Amino acid sequence: QVQLVESGGGLVQTGGSLRLSCAASGSIISINAMNWYRQPPGNQRELVARITNFGTANYADSVKGRFTISRDNAKNTVYLQMNSLKPEDTAVYYCNADSVRVSSYRWINVWGQGTQVTVSS
């Protein structure tokens, strides 16, 4: 079965940094794109960053210049480097693998378990 395993969340002070990682495993032929979402307390889930299989990255306006997404295609792993963290970045962060090809005809969407990021003021 295809799984996403996340790590790197935790508690930091305002201005600090964290690096999240997410590794996909299982019977994977290819992954079109990998994404990071977040869900602040009491709010809906939102897309933070996305990176395609050929390296094109996109970011939410709220994190541009502070967050960097990258991926290692050989390891099917995506990273999110978060710098200059603010209290409003506090949320549960979710890794997502978009259009995971598991056979010649089947594509699936897979989510990680979520990891808590808390930024203290």
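What counts and how
- Residues numbered from 1 in each chain as written.
- Predicted model: local features only at pLDDT ≥ 70, side-chain atom pairs only at ≥ 80, totals over all residues.
- Heavy atoms only, no water.
- Pairing = 2+ DSSP bridges.
- Helix = DSSP H or I, 4+ residues; strand = E, 2+ residues; numbered from the N terminus.
- Polar contact = N/O pair within 3.5 Å; in protein donor to acceptor, adjacent residues only side chain to side chain.
- Contact = heavy atoms within 4.5 Å.
- Disulfide = S-S within 2.5 Å.
- Buried < 20%, exposed > 50% of the residue type's maximum accessible area, 1.4 Å probe, protein only.
- Axes fitted to C-alpha atoms, helices over the stretch in contact; angles between N-to-C directions.

A. Just the pairing of strand β10 (residues 107-111), in detail. Two strands pair when backbone bridges link them, and strand β9 (residues 91-101) and β10 are joined in this way by four bridges, in the antiparallel orientation. The partner of A97 across the bridge, within β10, is V110. Between β9 and the antiparallel strand that follows it, β10, lie five residues.

B. Geometry of the side chain of D89. Counting through the fold element by element, D89 comes out in the loop between β8 (77-82) and β9. At a separation of 3.0 Å, a polar atom in the side chain of D89 contacts the side chain of R38. When near neighbours in sequence (up to four residues on either side) are disregarded, D89 contacts R38, R66, F67, S84, V117 and V119.

C. Up close: the state of the cysteines. In the structure shown here, the tally under the stated rule is one disulfide. C22 shares a disulfide with C95; S-S distance 2.1 Å. With the S-S dihedral at roughly -85 degrees, the linkage between C22 and C95 falls on the left-handed side. With C22 in strand β3 (residues 18-25) and C95 in strand β9, the pair connects residues that are 73 residues apart, well separated along the chain. Residue C22 is classed as buried on the basis of its relative accessible area, which comes to 0%. Residue class for C95 comes out buried when judged on its relative accessible area of 0%.

D. Representation of the sheet that holds β3 within the structure. Within the open sheet, the four strands sit side by side as β1-β3-β8-β7. Their pairing is antiparallel. Only two strands of the sheet have a single partner each, and these edge strands are β1 (3-7) and β7 (67-72). Geometrically, the sheet is characterised by an average inter-axis angle of 15 degrees between neighbouring strands, direction not taken into account.

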